[in-house]
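Topology and contacts: notes
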Amino acid sequence: MKRIPAVLLALAVIFLLGGAALAEGDTYSASHGVVTQVDTEAQTMTIRLGGREEGTLTLDISEETKIVDNASRTACKLSDIKAGSTVYVWHTAGQSSFLPPHRKAYAIVANVAADQTAGQLFEIASVSKGKNGYTLLNAEGDLYLTVPDASIPVYGQSAKLRASKLEKGMVLLAWYDVVLESYPGQAGSDRLLMLSTAAGGDSVLPPQTGDHSTANLLFAGLSLCASAGAALLLIRRRRMEQA
């Protein structure tokens, strides 16, 4: 009987750790919306989600976050993003303990005007040489992107990267208007910006598997139940010992 509370406490810890792991899981999602608040001191940005998403989302900005002005396709600062502007963001997925939900931002395409095409994050899965340059397949396997054999600007650097040096695992932003209806889809662009020149097959971003908010909420509920059960048994045991 003396082991029951210890076992339940251990289960509670496991549930809590598991819930935390899910909340901070190695997944990322893409969102877009209108900026409602920028806090340069707290290094956060809150957006009102657009498209099929609803509600608001607060993004935690770090030194690793890549922020790019959509018009100039160059690096910019959090302070350059103004309330009311449209942004596209790539961030961690999962449920956080904050309200509104917080996500860690990996990349932000900022100040997207209504008549502009927003840059899209593209992680390279494969590279092949073609007549018109190089054809890249993205990590999701649903888009071929043809790029010219030219030099590509690198985020935050004056140096450029030749297209011939592109490798699996590198990450870039690409601006393109038309995607041919095929599978995988096909697009072409000479408007590119390298976000990462790390290669060797190790992604700088976790695999994109979408948001697991429902699973995280369920896990959090189980964690709370396990914790409450363990606490009640401990209280009951102490009362029995005092009786």
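Small disclaimer: the values here were computed from a predicted structure and weren't measured.

Rules used in this analysis
Residues numbered from 1 in each chain as written. Predicted model: local features only at pLDDT ≥ 70, side-chain atom pairs only at ≥ 80, totals over all residues. Heavy atoms only, no water. Helix = DSSP H or I, 4+ residues; strand = E, 2+ residues; numbered from the N terminus. Buried < 20%, exposed > 50% of the residue type's maximum accessible area, 1.4 Å probe, protein only. Contact = heavy atoms within 4.5 Å. Areas by Shrake-Rupley, 256 points an atom, 1.4 Å probe, with all protein chains shown as cover. Pairing = 2+ DSSP bridges. Axes fitted to C-alpha atoms, helices over the stretch in contact; angles between N-to-C directions. Salt bridge = Lys/Arg side-chain N within 4 Å of Asp/Glu carboxyl O. Core = buried A, V, L, I, M, F, W, Y, C linked by side-chain atoms within 4.5 Å. Polar contact = N/O pair within 3.5 Å; in protein donor to acceptor, adjacent residues only side chain to side chain.

Some words on the overall build of the chain
Looking only at helices and strands, one finds 2 helices and 15 strands in the chain. Across the 243 residues in the chain, those meeting the buried criterion constitute 38%. Contacts spanning at least 24 positions in sequence make up 62% of the contacts within the chain whose residues lie at least 6 apart. Per element, the accessible surface of the chain, about 13,800 Å² overall, is 55% carbon and sulfur.

A short note on the pairing of strand S8 (residues 120–130)
Both S8 and strand S13 (residues 171–174) contribute to a ladder of 4 bridges, which runs antiparallel. Its bridge partner being in S13, Leu 121 is matched across the sheet by Leu 173. The turn joining S8 and strand S9 (residues 133–138), which pair antiparallel and follow one another in sequence, is formed by 2 residues.

With respect to the sheet that holds S13
The strands that make up a sheet pair up through hydrogen bonds in the backbone, lying either parallel or antiparallel. The mixed open sheet is built from 6 strands, whose spatial order is S14-S10-S9-S8-S13-S15. Each having just a single partner strand, strand S14 (185–188) and strand S15 (192–196) make up the two edges of the open sheet. Recorded for the sheet is a direction-independent mean angle of 40° between the axes of neighbouring strands. Bridge count for S9 against strand S10 (residues 143–147) is 4 bridges, and the pairing is antiparallel. The partner of Leu 136 across the bridge, within S10, is Leu 145.

Here's the deal with the pattern of salt bridges
Applying the stated criterion to the full structure yields 2 salt bridges. A salt bridge links Arg 162 to Asp 149, with the nearest nitrogen and oxygen atoms 3.2 Å apart. Residue Arg 162 is found in strand S12 (residues 160–162), and its partner Asp 149 is found in the loop between S10 and strand S11 (151–153); the two are separated by 13 residues along the sequence. According to the relative accessible area criterion, Asp 149 is partly exposed, its value standing at 38%. Measuring nitrogen to oxygen at the nearest pair gives 3.5 Å for the salt bridge that ties Asp 177 to Arg 191. Pair noted here: Asp 177 is in the loop between S13 and S14 and Arg 191 is in the loop between S14 and S15, with a separation of 14 residues, a long-range link. What makes Asp 177 exposed here is its relative accessible area of 58%.

What about the nonpolar core?
Counting residues in hydrophobic clusters, the biggest one holds 31 residues, and the most contacted among them are Met 45, Ile 81, Val 87, Ile 108 and Leu 195. Going through the elements one at a time, strand S1 (28–39), strand S2 (44–49), strand S3 (56–60), strand S4 (66–69), strand S6 (86–92), strand S7 (102–112), S13 and S15 are the ones with two or more residues in this core. Looking at this core, the element that brings in the most residues is S7, giving 7 residues. Every residue in contact with Leu 195, bar those within four places of it in the chain, is listed here: Lys 66, Val 68, Ala 107, Leu 121, Tyr 155, Val 171, Leu 172 and Leu 173.

Remarks on the pairing of S14
Of the two faces of S14, the one holding Gly 185 and Ala 187 is buried and the one holding Gln 186 and Gly 188 is not buried anywhere. Pairing between S10 and S14: 4 bridges, direction parallel. Counterpart to Tyr 144 in the pairing with S14 is Gln 186.

Regarding the side chain of Asn 138
Considering the arrangement of structural elements, one finds Asn 138 in strand S9. Exposure remark for Asn 138: the relative accessible area of 6% places this residue in the buried category. A distance of 3.2 Å separates the side chain of Asn 138 from the side chain of Glu 140, its partner in a polar contact. Excluding its chain neighbours within four sequence positions, the residues that come into contact with Asn 138 are Phe 122, Glu 123, Ala 125 and Leu 143.

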